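Chain by chain, the residues:
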Amino acid sequence: MKPARFAYAAPDSIEGVLDALDRFGDEAKVLSGGQSLVPMMNFRLARPEVIVDIGRVGGLDGMSVVNGSLTVGARVIHARLEAPAAAMPDGRTEPLGGVLGSLLPEVARFVGHLPIRARGTFGGSIAHADPAAEWCILARTLDAEMVALRRGGERVITAADFFETVFTTSLEPEELLAAVRLPILGDDWRAGFCEFSRRAGDFAVVAAMTAVRLDRATGAISEARIGVGGVAGVPVRLPDAEATLVGEVPGAELHAAAAEVAAGEVDPAGDLHGSAAYRRDLVRAMVARALAQGAGAPG
Amino acid sequence: MTEISPADVAVPVVLRVNGTDHRVSAEPRRTLADTLREECGLTGTHLGCEHGVCGACTVLLDGEPVRSCLLFAVQAQGAEIRTVEGLAGDDGTLHPLQEAFWRHHGLQCGFCTPGFLMLSTGVLETRPDIGDDELREALSSNLCRCTGYQTIVEAVRSVRDAAGA
Amino acid sequence: MSWVGRSIRRVEDPTLLRGVGMFVGDIGGAAAVRFVRSPVASGLIGAVRGPAYTIEDLDADGVGNIEAVLHRPDYVRLAQPLLARERVRYVGEPVAVVVGDTAAEAEDLAEQVELDIEPGPAAVGIDGALAPGAPLVHPDESDSNVMVAGEMATPGLAEALDRAHAVVDLETVSGRQAALPLEARGSHAVTERFGGRTTLHASIQAPHMVRTVICDLLGMPEADLRVVAPDVGGAFGQKLPLAREDAIVVWLSRRLGRPVAWIEDRSENLMASWHSREQRYRLRGGFDAGAHLEALQADVVANVGAWPCYPITWGVEPLMALAELPGPYTPEHYGVRSRGVASHTCPMSPYRGVSRPAITLALERLMDIAAARLGIDPVEIRRRNLQSEFPHTSPTGLRHDEGTYREAMEMAVRHVDLGAFRSRQQTARAAGGSQPGIGICTFSERTGYGTPAFAARAMGVTPGYENVELSMDPSGYVTARIGASPHGQGLETALSQIVADEVGTDPGRVRVVASDTDRTPYGWGSFASRAMVLAGGATYLAAQQLATQLGSVAAEVLEAAADDIFLADGRATVAGTSVGVEIAELARIAHHHTQRLPDGAAPGLSAQAGYDPAGTFSNACHVAEVEVDPDTGGVSVRRFVVVEDAGRLINPMIADGQIRGGVAQGIANALLEEVVYDEDGNILTTSLMDYLPPTVAEIPDIEIMHLETLSDATVTGAKGLGEGGTIGAPAAVLNAVNDALAHLGVELNEMPATPERVREAVRTATGTPAG
């Protein structure tokens, strides 16, 4: 379990990284925290010719609030999202409050274990694109925007377009995922996250995130998002289940109804950690609980 | 132009381990764990899985517990690395955690022990007043096959409590 | 003051705590050996092409085959080559070997080896291997996959079942588990340039046995091979049998004339080291109107994989089930058929507990189901069935020495406060959501058996006895050289306590030398919960001899009668007086002033003793409290109580450590760990993300209480306890899961009780359609 040989570059600037990616194209792989990539290299399931280590690049590890979005630099480690603080529009760094400020720590604690969170990065997890990874589910549920840089250019990719299949994204070989923009959810949003894993710190068998917006006047749901991981090659949104919620007032019966629709809406494949039928059962349970958590009611 | 280290050539690497500089050479693919063990002669850092699950290879990198099997030596240049060999005092006095693991029977075969010691050292140094539940959660990072964990938890808790007393 | 019975700190620990222990991977200075392993479960080997130093044919060098033998008419004998020849029989079977300068380079070379293998059909799983027309694992030697079969029945069994008040039928399944020592296997061999003597360091449990078999295979005198087990990072049975890789490492070092080392990686360990546990039981229990189990009939099948293990063979799982199935209960009538069936999967070896976790699961599920059927409490049915008169002779002729089966259960049940639990459970059932459950398991653990028990197994070699050599040096320190081979159990500390009491010294003045064939007497090693009884017994006997020698020197020096000399606290004292002499001074005299020794006394202070008892039975009761989430099938263990009776405890702290570690492995067996193959025989669990040992989050604190019924079958009164945790915990947890969901009508008799299986059982019981 030793990795195959690779050439190694550790540029100290974004330009250097982009140059290296431009030069080596699909022979190269970006190394960020390495907590997903290196295990695959040790198993020789990944064998890049060239590793481009972004660990010495400044400017990729910031968090800031701009135009109603939280921008998370690619190299922000998971541990920082357990107590997120960001540069505000006025330039001061403050703990992130609000719905997103509570949601991120809630999700972060499910990411691996402490040493993994001390080293692994938000951007690395997104670019690795494991369909059961917490940050990928969050990005998909909240319609995050991925900021990709290439030599001489930048493009923004929506989460829906970013995740293509297992471990595969729409990033081009010469592109670097530099940051992810998450919408700051207003106070009228309620979010929940629930996952089932076999052991503490394991990847989820199934995880669900829900976010609903409440009409202040009626208390009914005006907008709903349900994202689920562990049921397809990418984290998925469940529009039918979302539609069940819209216009209704949150409550145990409504949550159960939406969860039932969600269970029918997914089409998982079975594997070692759960058959298709079992994963549907988990979707039902996780969606109901995430909704209940978001509503502040016991699951 | 960014410098590229070729794949099949060992490059010079300086690793600062337990306060001492080790000048070694390592192919880019060489992990920090293998380099510590084979180039620095520090075999207390053990390899139990080489894919980041068991934690036997845990060392401190700039004070944070990390899996040294998931880091390449070339990445660790410039960092302060601490391993189990650096825990005891210069005069050989055991570190309080080493004493506590001994007193509480927190080890049997001893293979996971260096990893657990470094994990708990990192945790207690950064969060000396960590709560019981959080401590358990932190210790769930590593695997032990012999003890059933209870005595490891008790050992670490006792050091936390003694420091806070 | 007695040292035995005290929880002194372990002498083993400081080295390990400082990170300066020496495990086999720490030795270094050797070329790296890498095995090229079969990617398919079954097939015919064509050409093997590879770079220089690819070795796939050991025959030319006269290397022999492994022959693990049972002298039984129903046993299929095989000769196993060290590298697969003609056929591959499981994924991971070694086919060729390469040597590189580093482990990474050896892996590069191994990737370049091309194996032409014509894949064939594979027999996978118990049903797959037993099916008519199943692919045969050893077609040249046997026309079926049944490799060993035992059968017995007491007279009148059928009639007893016919007249039973209630008959309970039950099928239980125990999944395949891996012992998973945190240090995988490994070996390191150096051959001296002059003289040609080889030293093998290997992560193993039985160095003397390994030396014998490797020398037999390579045709070399045992005197030319030194085998050392350095620090061993857990073993649990997986390092007991000969590793074919270790024999090849010795052969390579001799042939290449350079040091070589094989350090198994985790993926190899999960794929190609030994597996264990896969068994299926079909039980029929006949109970009388008083709920007493009168008649027990069983059909047992163990999937033993592709090859037997040496020297234990693949008879150990099925034949142990045959012999020990009645467990702590007292059926008058017993009948059993037990078979070991080969399959195209990794071979099996004994793993901590061996058959007994599966035996106990079957019996304890039987008791709970019968209790429910007969309308009595699980505690009450055990009360009526557990052994209470001793010695008890089982229907298979095993003698159970005195135990505390009922007392242990009553103590455990009082401790958990069953009544309070039941009322909490009623509340939870009314509320819905997660459901608490409680499970009881009572069992016996056959331990500390020597040659007589092994001889009954009719193995090609008969393990058993242990030898110990004790000497006191002129400084008054004692060195104990033992044939056992501890690897984390704390045996060195415990033996030093025994020696200290007998010769009146401090454990700090005792050194234990183990695990080195050059420095220790021949012995069988550490396995089967035996070391404390066997090595402890031999140490006790040798220490008594040493004490007698010291007494006679003291008598001479103090001019007193030897019978009046009393050894304690480092002094020999004349009873009833303060007249005495330091033991260290006696040691000087015995070596340096032998003119002062009594007439006829040999110079020096040394003793040797062997010990070879018939065996003894420990007993215990485990109680597990779980919480089950019926929606996800998730189970968490909330509380775990153990009442253990292992006779005299030498070091209670160490005993508790053994229990806790065993229970953790047992909980893992019950809920988490399972080796999984697909229908073509591809193994799916080759990482620790797929094979799931527990973390601290899955293991509760374990509350332990002791009873100490001294064994009349051992010289120290101690019984073994190393395996008990793994034996009782699975059934306790499964019973608790079933108890939690009993109101839904759930019955789940397969382990591990994965969330998916639990959820499936809930769906089946409640008639909820899938999905």
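A quick note: this is a predicted structure, and the numbers were derived from the prediction, not measured.

### Overview of the overall build of chain B
Okay, so step 1: Tallying secondary structure elements over chain B gives 5 helices and 6 strands in all.
Okay, so step 2: Its helices and strands taken in sequence order, chain B reads β-β-β-α-β-β-β-α-α-α-α from the N to the C terminus.
Okay, so step 3: In terms of C-alpha radius of gyration, chain B reaches 16 Å, essentially the compact-globule figure of 15 Å for 165 residues.
Okay, so step 4: By principal-axis analysis of the C-alpha atoms, chain B measures approximately 55 × 30 × 30 Å.

### Remarks on the nonpolar core
Grouped burial of nonpolar side chains is what soluble globular proteins tend to show.
Okay, so step 1: Formed by 412 residues in total, the largest nonpolar core has its most connected members in A262 and V287 of chain A together with V733 and V737 of chain C.
Okay, so step 2: Counting residues per element, this core draws most heavily on helix 15 (residues 531-558) of chain C, at 15 residues.

### So, the domain arrangement of chain B
Residues and elements named next belong to chain B.
Okay, so step 1: Under the domain assignment, chain B is made up of domain 1 (11-86) and domain 2 (96-164).
Okay, so step 2: Computed from C-alpha coordinates alone, the two centres of domain 1 and domain 2 are separated by 21 Å.
Okay, so step 3: Each partner contributes to the interface: domain 1 provides 16 residues, whereas domain 2 provides 14 residues.
Okay, so step 4: Of all the secondary-structure elements, those providing two or more residues to the side of domain 1 that touches domain 2 are strand 4 (58-61) and strand 5 (64-67).
Okay, so step 5: Tallying contributions element by element places strand 4 first for the side of domain 1 that touches domain 2, with 3 residues.
Okay, so step 6: Its residues assigned to classes, the side of domain 1 that touches domain 2 shows 8 nonpolar, 7 polar and 1 charged.

### Considerations on the interface of chain C and chain B
Okay, so step 1: The partner chain B presents 42 residues to the 42 residues of chain C that form the contact.
Okay, so step 2: Counting residues per element, the ones that place at least two in the side of chain C that touches chain B are helix 1 (13-17) and helix 17 (652-671) of chain C.
Okay, so step 3: Examining the composition of the side of chain C that touches chain B, we find that 6 residues originate from one element, helix 17 of chain C, more than from any other.
Okay, so step 4: Grouping the amino acids of the side of chain C that touches chain B by side-chain chemistry returns 19 nonpolar, 13 polar and 10 charged.

### A few points about the packing of helix 17 of chain C against helix 18 (residues 724-740) of chain C
Residues and elements named next belong to chain C.
Okay, so step 1: It is the contact of helix 17 with helix 18, at a shortest axis distance of 7 Å, that shows an interaxial angle of 40 degrees. Of the possible angle classes, the one that applies to helix 17 and helix 18 is oblique. Here helix 17 runs over helix 18; the crossing is right-handed. Across the interface between the two elements, Q658, I659, R660, G661, G662, V663, Q665, G666, I667, N669, A670 and L671 from helix 17 touch G724, G725, T726, G728, A729, P730, V733 and L734 from helix 18.

### Concerning the interface of chain C and chain A
Okay, so step 1: If you look at the interface, chain C gives 23 residues, while chain A gives 18 residues.
Okay, so step 2: Across the side of chain C that touches chain A, the residue classes tally to 10 nonpolar, 5 polar and 8 charged.

### A word on unusual backbone geometry
Okay, so step 1: Residue P311 of chain C is bonded to the preceding Y310 of chain C through a cis peptide linkage, with omega at 0 degrees.
Okay, so step 2: Take P311 of chain C: it is sitting in the loop between strand 15 (293-305) and helix 8 (316-324).
Okay, so step 3: Each neighbour pair has its own omega, and for M751 of chain C with P752 of chain C the value is 5 degrees, a cis peptide bond.
Okay, so step 4: With respect to the secondary-structure elements, P752 of chain C resides in the loop between strand 30 (750-751) and helix 19 (755-766).
Okay, so step 5: For D143 of chain A, which is not a glycine, the phi torsion comes out positive at approximately 55 degrees.
Okay, so step 6: Tracing the backbone shows D143 of chain A in the loop between helix 6 (134-141) and strand 8 (145-150).
Okay, so step 7: Exposure remark for D143 of chain A: the 16 C-beta atoms within 10 Å place this residue in the partly exposed category.
Okay, so step 8: Even without a glycine there, the phi angle at S529 of chain C is positive, about 50 degrees.
Okay, so step 9: With respect to the secondary-structure elements, S529 of chain C resides in the loop between strand 22 (510-513) and helix 15.

### Here's the deal with the domain arrangement of chain A
Residue and element names in this part refer to chain A.
Okay, so step 1: Assigned domains within chain A: domain 1 (7-53), domain 2 (63-183) and domain 3 (189-294).
Okay, so step 2: Taken residue by residue, the interface counts 22 residues in domain 2 and 19 residues in domain 3.
Okay, so step 3: Listing elements by their share of the side of domain 2 that touches domain 3, those giving two or more residues are helix 3 (98-108), helix 6 and strand 10 (163-165).
Okay, so step 4: By residue number, the principal contributor to the side of domain 2 that touches domain 3 is helix 6, which donates 6 residues.
Okay, so step 5: For the side of domain 2 that touches domain 3, a count of residues per class yields 13 nonpolar, 4 polar and 5 charged.

### A short note on the confidence of the model for chain B
Detailed reading of the predicted model is not advised wherever pLDDT is low.
Okay, so step 1: Confidence in the prediction of chain B, expressed as mean pLDDT, is 96, and 99% of residues score 70 or more.
Okay, so step 2: ipTM for the predicted complex: 0.98, alongside a pTM of 0.97.

### Some details on the environment of A584 of chain C
All names here are of chain C.
Okay, so step 1: Tracing the backbone shows A584 in helix 16 (residues 583-592).
Okay, so step 2: Its 18 C-beta neighbours within 10 Å are what place A584 among the partly exposed residues.
Okay, so step 3: Each C-alpha atom of the pair A584 and A572 lies 9.7 Å from the other, and the pair is 12 residues apart in sequence.
Okay, so step 4: In this structure, A584 is in contact with S475 and G476, ignoring residues within four places of it in sequence.

### As for the pairing of strand 12 (residues 176-183) of chain A
Strand residues, when the strand is regular, have side chains that alternate between the two faces of the sheet.
All names here are of chain A.
Okay, so step 1: Across the 8 residues of strand 12, 7 count as buried, placing the element largely inside the fold.
Okay, so step 2: Two strands pair when backbone bridges link them, and strand 5 (residues 69-73) and strand 12 are joined in this way by 5 bridges, in the antiparallel orientation. Paired with T71 across the bridge in strand 12 is R181.

### Focus: the sheet that holds strand 2 (residues 11-17) of chain B
Residue and element names in this part refer to chain B.
Okay, so step 1: On the basis of which strands lie adjacent, the open sheet formed by 5 strands has the order 3-2-6-4-5 and mixed pairing. Edge positions in the open sheet fall to strand 3 (20-26) and strand 5, since each of these has one partner strand only. Adjacent strand axes in the sheet meet at a mean angle of 40 degrees, parallel and antiparallel pairs treated alike.
Okay, so step 2: Bridge analysis of strand 4 against strand 5 gives 4 bridges, and the strand direction is antiparallel. Among the inter-strand pairings, T58 is bridged to a residue of strand 5, identified as R67.

Calculation notes
Residues numbered from 1 in each chain as written. Chains lettered and ligands numbered in written order. Predicted model: local features only at pLDDT ≥ 70, side-chain atom pairs only at ≥ 80, totals over all residues. Helix = DSSP H or I, 4+ residues; strand = E, 2+ residues; numbered from the N terminus. Rg over C-alpha atoms; globule rule 2.2 N^0.38 Å. Core = buried A, V, L, I, M, F, W, Y, C linked by C-beta atoms within 7 Å. Buried ≥ 20, exposed ≤ 12 C-beta atoms within 10 Å, placed from the backbone. Domains from an automatic or database assignment. Contact = placed C-beta atoms within 7 Å. Nonpolar A, V, L, I, M, F, W, Y, C, P; charged D, E, K, R; others polar. Axes fitted to C-alpha atoms, helices over the stretch in contact; angles between N-to-C directions. Parallel < 35°, antiparallel > 145°, perpendicular 65-115°, else oblique. Left-handed = near helix turned anticlockwise from the far one by under 90°. pLDDT = per-residue confidence, 0-100. Pairing = 2+ DSSP bridges.

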